[in-house]
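So the chains spell out like this:
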Amino acid sequence: MDLGTQRVQVVALKDGAVVGRAQGFSGFDPTKAAEQAVNEALTQANLKLSDVNHFAATGSAMDMAPYVNSTVSMMGADAKAGVFLAPKARTIIDVGAEEARAVKTDERGIMVDFVVNERCAAGAGAFIEAMARALEVKLEDMGSLALKAERASPINASCVIFGESDVVSLIHRQESKPEIARAVFDAMADRVSAMMHRLGINPEVVLVGGVAKDPGFVASLNRKLGLTVVIPKYPEYVGALGAALIAATRVKEAPK
Amino acid sequence: MSGVKDEFWRWQEYHRIMPNIKWSSKDIITAGVDVGSVGSKAAIMVNGEAYAWGITRTGSNSPESAKKALDFALKDTGLSVGDLKFIVGTGYGRVNVPMANKAITEIACHAKGANYLWGPSVKTVLDVGGQDIKAIKIDETGRVVSFLMNDKCAAGTGRGMEVFADLLQIPIEDIGDISLKVEKEPDPVSCTCVAFAKTEAMGLLRKGWSKEKVLAAYTRAMAVRMANLINRVGLEKELVITGGQSKNIGIVSRIEVILGVKTLPSPKWRDGGLDPMVAGALGAASFGKALYEKAQKA
C-alpha cells in the first residue's frame, strides 16, 4: 500500500508476480481509501483479506495504513521496485503530487543514497496542477500542449504562487498557451535535475510517480538531462510495488 | 459558483472619504495607485494629507484593476481623474498603471506611507501583502535605508490565510482572533508553502486538532518567517506593520512575542481612522505631491 498526499495505490503480489492493482483518492480518510483499494486489488486476484501473508505500507501517510504488518521507507520502495522493473536502473526519480525525490540504488535494489525536494511545491506535481488551473487547461492536456511549443515563456519558476501570477499576466498579454505550458515543465525539470546533480546521475535513470505519465514533463526532463529516462508501464504504482516486493522478503524471513 | 456569503477568504472592499478635509481647485491633489498581487489600493491626497481611498481585489488585468481602484477612491469626492495633478503607480503591477505620471517601487512607497501614518519614530516597516513579505529599514524622513523581501517563495504570505479561511470556513477577518483562542500555543507547522496549505490543514484536522489550534500553528509559522526577515534586516524601534496582514491580530501579536517588542498601534479604519493596508498608495500619493512641486519649480 502506498498512501500518498493525493492518492493511495495498492499492489497485490503472489509468488513474485503482480496479480492485482488498484488506486483511489486519499481524501479526508486515507485509511478508508486504502481499505477500498486493497479490497479491489484482492478481488481482481480472487483473493480474500485472510489470504494475505504480509501487508507493507509506504508513502507520506503510511502511519494511517490499515491491516499493516510493517512499513517501508518511500526511498526503499522506489529502489526495490525500480530495479525489479528495470534491472539496469541505478537512479530512480520519483515525482509525486507534493514531493520529488531521487534515489541511488545498487543492483539488488537496495537504496544507497537519496535527495528529496520537500516542503516546496515548485518541484512537484502540484506545480503542474496550479498552472493548469491558471491556464484553464485540463491537467491531462498540459503535456500534449507543451509538446507543441518550440520555446518556453519566461515565468518565475522558484515558487508556484509567483508562477501563477506570471501565468495570469502572460495569458492577459495573449502569450501562447503551449509556450507557457512548456515553461512549466522546463521549470520543474530544472528543479529535478538540480536535485539529481547533488546525487550524481548514474544511468539507467528510471522515472516513476504520477508525474511520469505526463509526456510534457518527460520531454523537458530528457532535454535537460541529455538522456532518455526509462518509464515503467504503471509508474504511479511503483511505490506500492516496492512495498509489496519488500513484504514478500519479510514473509520469507518470518513466516506468519 | 458559490454565493458571496460562502466566500470565507473574501476581505472587505471599501472606500472612504475623510470628512475633515476639503479641497478646492487651487490645492495640490495627487493620487497613488498600488496594484498588489491580491489587492489594488488607490489613495487621494490634498496638499499631502490623506483625503480618500479605495481598496478592491486585483483582477487578472492590472491596468483595469488600477482604474477600478482609482475610480473607487474618487467615488463621491466630486473629483475626476483630470483634477489630479500627479499620479504615482506602485506595487507589483506598477508598470501597468496607465494613468500614472510615474512608477515608484512599493518598497519606497511603503516606507514613505509608514512615515506618514505613524510619524518619524518609525525605523522598521514590515509589509505583509498577498504574496509578499518585506522588511524595510527607514530613516526619520521615511527614506529607505535597506530592505529584504521574499523574492523566491510565497510561503507565509496572506494568500495562505485565504486558503485557510476557505477550508476552515471562517471569515478571513475573524481568523486572527480565532487563532488566539488556544490555551497553549502549539508548535508552528513545519511547512508554510501556500500551495500545500490545504493538505497541511487537512492533515492537522485529521489528527483531531481543533480549528483554533490549526490556525494557531499556521499563524505562528507565518509569524516566525516574518520575524526572521525582520531580524535579518536588523530590528530597530519603532516597528510597524503595513499591508493586509497588519489587520490580522494573530500575526501582529505573535510577531510582538517572538521579537519581544511592541509594534506601534495601527489606526483603525472601521472607527474612521486611516488604514495601514493603504500605506503604499498613500506613500505614492505623497511622492506625487513632491514630484508635482518639483516640476512646478523647474
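Keep in mind that this is a model prediction, so the values were computed, not measured. (Residues numbered from 1 in each chain as written. Chains lettered and ligands numbered in written order. Predicted model: local features only at pLDDT ≥ 70, side-chain atom pairs only at ≥ 80, totals over all residues.)

What to know about the overall build of chain B
Formally: Secondary structure is summarised from DSSP: a helix means a run of H or I of at least four residues, a strand means a run of E of at least two, and numbering begins at the N terminus for each. Residues are scored as being in contact if the C-beta atoms we place from backbone atoms lie within 7 Å.
Within chain B one finds eight helices and ten strands. Along the longest, intermediate and shortest principal axes, the C-alpha atoms of chain B span 65 × 45 × 35 Å. The contacts in chain B between residues at least 6 apart in sequence include a share of 73% that link residues at least 24 apart.

What about the overall build of chain A?
The condition is simple: Between the two quantities, the radius of gyration covers C-alpha atoms and the globule rule is 2.2 Å times the number of residues to the power 0.38. Residues are called buried when their C-beta atom has 20 or more other C-beta atoms within 10 Å, exposed when it has 12 or fewer, and partly exposed otherwise; all C-beta atoms are positioned from the backbone.
Scanning chain A from N- to C-terminus turns up eight helices and nine strands. For chain A, the C-alpha radius of gyration of 19 Å lies close to 18 Å, the compact-globule estimate for 256 residues. Its C-alpha atoms give chain A principal-axis dimensions of about 65 × 35 × 30 Å. Among the 256 residues that make up chain A, the fraction classed as buried is 54%. The long-range fraction of contacts in chain A, counting pairs at least 24 apart against all pairs at least 6 apart in sequence, stands at 68%.

Quick look at the interface of chain B and chain A
Note the cut-off: As a working rule, the residues Ala, Val, Leu, Ile, Met, Phe, Trp, Tyr, Cys and Pro are called nonpolar, Asp, Glu, Lys and Arg charged, and the rest polar, with Gly in that last group.
With 16 residues of chain B at the interface, the matching set in chain A holds 16 residues. Broken down by element, the residue count for the side of chain B that touches chain A peaks at three residues, all from helix α5 (residues 197-206) of chain B. A breakdown of the residues in the side of chain B that touches chain A according to their chemical character gives eight nonpolar, five polar and three charged.

Structural notes on the sheet that holds strand β9 (residues 205-208) of chain A
Residue and element names in this part refer to chain A. Selection criterion: Strand pairing requires that DSSP identify at least two bridges connecting the strands. Angles shown run from 0 to 180 degrees and are taken between the N-to-C directions of axes, each axis being a line fitted to C-alpha atoms and, for helices, limited to the stretch in contact.
Read from one edge of the open sheet, four strands run β8-β7-β6-β9, paired in mixed fashion. Only two strands of the sheet have a single partner each, and these edge strands are β8 (111-117) and β9. If you compare each strand with its neighbour and ignore which way they point, the axes differ by 15° on average.

Quick word on the packing of helix α6 (residues 177-199) of chain A against helix α7 (residues 215-225) of chain A
All names here are of chain A. Filter applied, for reference: Here roughly perpendicular refers to angles of 65 to 115 degrees, roughly parallel to angles under 35, roughly antiparallel to angles over 145, and oblique to all remaining angles. Helix crossings fall into two classes, left-handed where the near helix is turned counterclockwise from the far one by less than a right angle and right-handed where it is turned clockwise.
One can describe the packing of α6 onto α7 by two numbers: an axis separation of 8 Å at closest approach and a directional angle of 50°. For the element pair α6 / α7, the angle class is oblique. With respect to the hand of their crossing, α6 and α7 are arranged in right-handed fashion. Two secondary-structure elements touch here, α6 through A181, F185, D186, M188, A189, D190, V192 and S193 and α7 through G216, F217, S220, L221, K224 and L225. Partitioning the contact of α6 with α7 into residue classes produces eight nonpolar, three polar and three charged.

Regarding α5(B)
Residue and element names in this part refer to chain B. Within the sequence span of α5, burial applies to A197, T199, E200 and A201. Buried positions along α5 lie against α3 (158-168) and α6 (211-233). G208 sits one or two positions beyond α5 and adopts a positive phi of about 95°.

A word on the domain arrangement of chain B
All names here are of chain B. The test is simple: What fixes the domain bounds is an automatic or database domain assignment.
Split by domain assignment, chain B resolves into domain 1 (4-120 + 272-297) and domain 2 (124-263). Here the C-alpha centroids of domain 1 and domain 2 sit 25 Å apart. Counting residues at the interface gives 21 residues for domain 1 and 32 residues for domain 2. Partitioned by chemical class, the residues of the side of domain 1 that touches domain 2 number 13 nonpolar, six polar and two charged.

Here we look at the environment of Q44(A)
Residue and element names in this part refer to chain A. Its location among the elements puts Q44 in helix α1 (residues 30-44). Its 14 C-beta neighbours within 10 Å are what place Q44 among the partly exposed residues. Taking the C-alpha atoms as reference points, Q44 and I161, separated by 117 residues in sequence, lie 42 Å from one another.

Some points on the sheet that holds strand β2 (residues 7-14) of chain A
Residue and element names in this part refer to chain A. Read from one edge of the open sheet, three strands run β1-β2-β3, paired in antiparallel fashion. The open sheet has two edge strands with one neighbour each: β1 (2-3) and β3 (17-25). The sheet strands contacting helix α8 (residues 238-253) are β1, β2 and β3, and the helix crosses β2 at an angle near 40°.

Let's talk about the packing of α6(B) against helix α7 (residues 249-259) of chain B
All names here are of chain B. Following both chains from N to C, one finds α6 and α7 inclined at 55°, their axes separated by 9 Å at the closest point. When the interaxial angle is binned, α6 and α7 end up oblique. As for how α6 packs across α7, the hand of that crossing is right-handed. Residue-level inspection shows T219, R220, M222, A223, V224, M226, A227 and I230 of α6 in contact with α7, the latter providing G250, I251, R254, I255, I258 and L259. Split by residue class, the contact of α6 with α7 holds ten nonpolar, two polar and two charged.

Some thoughts on unusual backbone geometry
Residue and element names in this part refer to chain A. Residues P203 and E204 are joined by a peptide bond in cis, for which omega reads -5°. Here E204 lies in the loop between α6 and β9. Not every positive phi belongs to a glycine, and N46 is a case in point at roughly 55°. Relative to the helices and strands, N46 resides in the loop between α1 and β4 (56-57). With 9 C-beta atoms packed within 10 Å, N46 lands in the exposed category. Although it is not a glycine, Q174 adopts a positive phi angle of roughly 60°. Along the chain, Q174 falls in the loop between α5 (160-172) and α6. We classify Q174 as exposed; it has 7 C-beta atoms within 10 Å.

Structural notes on the pairing of strand β10 (residues 239-242) of chain B
All names here are of chain B. Of the two faces of β10, both are covered, the one formed by L239 and I241 as well as the one formed by V240 and T242. In terms of strand pairing, strand β7 (residues 124-128) meets β10 through four bridges, oriented parallel. Its bridge partner lying in β10, V125 is registered against V240.

Some points on the domain arrangement of chain A
Residues and elements named next belong to chain A. Entries for chain A in the domain assignment read domain 1 (1-86 + 236-256) and domain 2 (87-231). Its C-alpha centre places domain 1 at a distance of 26 Å from the equivalent point of domain 2. Examining the composition of the side of domain 1 that touches domain 2, we find that eight residues originate from one element, helix α2 (residues 74-85), more than from any other.

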